[in-house]
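Residues per chain, in single letters:
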Amino acid sequence: MKLGLQLGYWGSEPPADGNVKLAQEAEALGFDSVWTAESWGNDVFTPLAWIGAHTTKIKLGTALAQLSARTPTACAMSALAIDRLSGGRMILGLGVSGPQVVEGWYGQPFDKPLARTREYVDIIRQVLRREAPVSNPGPHYPLPYTGPGALGVGKPLRANTHPLRADLPIYLGAEGPKNVAQTAAIADGWLPIYYNPFRPEIYADQLKDAKPGFEIAPLVMVNIHDNLQKALLPQKMALAFYVGGMGAKEHNFHKNLMARMGYAAEAEKIQDLFMAGRREEAVMAVPDQFADEISLCGPKARIKERLQVWRDSPATTLLVMGTGGAQMLRDMAELAL
């Protein structure tokens with residue numbers, strides 16, 4: 001099993017030194033990869049390039065680059081550039097985000113996310129292969145564009161910078177069953193926000209046709225603490241926010257995933273409490289068992305024991321995130337590598 005460091009997205013201010021020291025610590029400890037994210041603040045590529053300039057061998061991943069934030073060719077350009085500058089360390093993780101962000105922040109429709117993803121990935125692969133000028137009949141990303149307002153002079157183009165790798169890995173963030181099945185069919189890896197190694201049957205059917213070498217890299221919150229209840233609290237807070245408020249009431253993919261994992265009534269209660277402004281109650285409504293199943297929390301000895309369940313699962317890399325800074329990384333390296 002490999003370890004990756006998930007740095008996430010910034011808050012109101014960027015982290016000290018842009019997380020460079022933390023990434024360097026992960027590299028020195030033998031972590032396989034480091035990952036950045038974007039929501040509606042910092043972008044995903046700039047911090048990754050900054051970290052790449054201060055490291056030498058650790059892989060550089062986006063988890064996730066939002067499809068609606070940039071066109072497929074613009075996304076391919078960013079991935080191509082970082083891959084060239086880093087000597088082939090780039091992993092491009094993509095995701096559709098959700099309707100609140102896509103329609104509210106990017107001003108784009110959210111419809112047909114699976115079809116949009118297929119077109120997006122195909123265009124990026126065309127750019128990276130550089131076998132012919134890039135073209136796409138649409139309807140989501142027509143190249144060349146010939147619709148309303150077009151001057152009619154566009155033509156297919158080939159990247160004038162030669163990509164370092166035609167097979168630069170593309171991972172997809174996916175939660176719904178159809179999205180996960182499509183990910184197994186068209187991508188090199190899957191980035192689940194919540195993965196339950198105790199219930200692998202949830203996604204077994206969707207992953208059955210994944211090609212050899214397909215990577216599964218779930219986000220895993222780590223909190224090493226002698227008191228399990230206290231250790232689980234950050235995970236429960238995150239779950240309350242995502243299940244309760246990260247999405248509209250009728251369109252919350254995180255809530256739907258929690259329901260498919262066997263916690264439908266609890267997910268409904270969390271959302272009701274969160275949307276009523278009763279956020280502390282929403283946190284307490286998150287079942288300890290669910291928070292525990294998808295994270296690594298508690299004393300070191302307990303985490304070491306539970307790591308075996310992850311090793312026995314289809315997961316290939318754990319993207320760890322949590323409190324503890326460099327010490328957490330050292331502890332996880334000791335326990336897992």
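Provided above is the structure to which this section pertains.
Values in this document were obtained by computation on a predicted structure and should not be read as measured data.

Undergrad: Outline the overall build of the chain, listing residues and values.
TA: The helix and strand tally for the chain stands at 13 helices and 11 strands. Each principal axis of the C-alpha distribution contributes one length, and for the chain these read about 65 × 45 × 40 Å. Going through the 337 residues of the chain one by one, you find that 50% of them count as buried. Long-range contacts, defined here as pairs at least 24 residues apart, represent 73% of the contacts in the chain between residues at least 6 apart. When the 34 positive and 34 negative side-chain charges of the chain are each reduced to one mean point, those points stand 4 Å apart.

Undergrad: Help me get a handle on the packing of helix α5 (residues 113-129) against helix α6 (residues 177-186), residues and values and all.
TA: The N-to-C vectors of α5 and α6 enclose an angle of 20°; their axes lie 11 Å apart at closest approach. Considering the angle they form, α5 stands roughly parallel to α6. The chirality of how α5 crosses α6 is right-handed. Between α5, through Leu114, Thr117, Arg118, Val121 and Arg125, and α6, the contact on the second element is made entirely by Lys178, Asn179, Gln182 and Ile186.

Undergrad: If you had to explain the side chain of Asn252 to someone new, which residues and values would you point to?
TA: Looking at the secondary structure, you find Asn252 in the loop between α8 (228-245) and α9 (253-275). Taking relative accessible area as the criterion, Asn252 reaches 1% and is therefore assigned buried. Within the structure, Asn252 has its side chain in polar contact with the backbone nitrogen of Lys255 (distance 2.8 Å). Residue contacts for Asn252: discarding those within four places in its chain leaves Tyr242, Val243, Gly244, Gly245, Met246, Gly247 and Gln271.

Undergrad: I'd like a rundown of unusual backbone geometry, residues and numbers included.
TA: Omega for the peptide link from Ala63 to Leu64 comes to 10°, which places this bond in the cis form. Looking at where Leu64 falls in the secondary structure, it is placed in the loop between β3 (59-62) and β4 (65-66). Geometrically, the link from Gly138 to Pro139 is a cis peptide bond, its omega value of 15° lying close to zero. Mapping Pro139 onto the fold places it in the loop between α5 and β6 (170-172). Its identity is not glycine, yet Asp17 carries a phi of approximately 55°, on the positive side. Given a relative accessible area of 37%, Asp17 falls into the partly exposed group. The backbone of Ser97 shows a phi angle near 65°, a positive value even though the residue is not glycine.

Undergrad: Please provide a residue-by-residue account of the packing of aromatic side chains, values included.
TA: Using the criterion set out here, one finds 9 aromatic pairs in the structure. Note on Tyr263 and Phe290: the rings are 4.9 Å apart at their centroids and 45° apart in plane angle, and the pair reads as tilted. With Tyr263 in helix α9 and Phe290 in helix α11 (residues 288-293), the pair connects residues that are 27 residues apart, well separated along the chain. Phe290 shares its class with Tyr263; the two are buried. Ring-pair connections join several aromatic residues into one group, and the members of that group are Trp190, Tyr195, Tyr203 and Trp310.

Undergrad: Just give me the short version of the packing of helix α2 (residues 45-53) against helix α3 (residues 72-86), but keep the residues and values in it.
TA: Contact geometry for α2 and α3: axes closest at 11 Å, N-to-C directions at 5°. In this view, α2 runs roughly parallel relative to α3, as classed from their interaxial angle. Contacts between α2 and α3 involve Phe45, Leu48 and Ala49 from the former and Cys75, Ser78, Ala79 and Ile82 from the latter. Its residues placed into classes, the contact of α2 with α3 shows 6 nonpolar, 1 polar and no charged.

Undergrad: Before we move on, can you summarise the nonpolar core with the specific residues and values?
TA: Ranked by internal contacts, the top residues of the largest apolar core, which has 87 residues, are Phe31, Leu94 and Met332. Here this core gets 8 residues from one element, more than from any other, and that element is α9. Ignoring any residue separated from it by four or fewer positions in sequence, one finds Leu94 in contact with Leu64, Ala65, Leu67, Cys75, Tyr120, Val121, Ile124, Ile170, Tyr171, Leu172 and Gly173. Formed by 7 residues, the second largest nonpolar core is a distinct cluster that contains Trp35, Ala63, Ile91 and Leu191.

Undergrad: Just give me the short version of the pattern of salt bridges, but keep the residues and values in it.
TA: Considering all chains together, one arrives at 18 salt bridges under this definition. Notably, a salt bridge pairs Asp83 with Arg165, separated by 2.7 Å at the nearest N-O pair. Linking Asp83 in helix α3 with Arg165 in the loop between α5 and β6, this pair joins segments that are 82 residues apart in sequence. For Asp83, a relative accessible area of 1% translates into the label buried. Residue Arg278 is joined to Glu281 by a salt bridge in which the shortest nitrogen-to-oxygen separation is 2.8 Å. One salt-bridge network, in which partners are shared between bridges, spans Arg125, Asp188 and Lys211.

The rules behind each value
Residues numbered from 1 in each chain as written. Predicted model: local features only at pLDDT ≥ 70, side-chain atom pairs only at ≥ 80, totals over all residues. Heavy atoms only, no water. Helix = DSSP H or I, 4+ residues; strand = E, 2+ residues; numbered from the N terminus. Buried < 20%, exposed > 50% of the residue type's maximum accessible area, 1.4 Å probe, protein only. Contact = heavy atoms within 4.5 Å. Lys, Arg positive; Asp, Glu negative; His and termini not counted. Charge placed at Lys NZ, Arg CZ, Asp CG, Glu CD. Axes fitted to C-alpha atoms, helices over the stretch in contact; angles between N-to-C directions. Parallel < 35°, antiparallel > 145°, perpendicular 65-115°, else oblique. Left-handed = near helix turned anticlockwise from the far one by under 90°. Polar contact = N/O pair within 3.5 Å; in protein donor to acceptor, adjacent residues only side chain to side chain. Phe/Tyr/Trp six-rings, centres within 6.5 Å; stacked < 30°, edge-to-face > 60°. Nonpolar A, V, L, I, M, F, W, Y, C, P; charged D, E, K, R; others polar. Core = buried A, V, L, I, M, F, W, Y, C linked by side-chain atoms within 4.5 Å. Salt bridge = Lys/Arg side-chain N within 4 Å of Asp/Glu carboxyl O.

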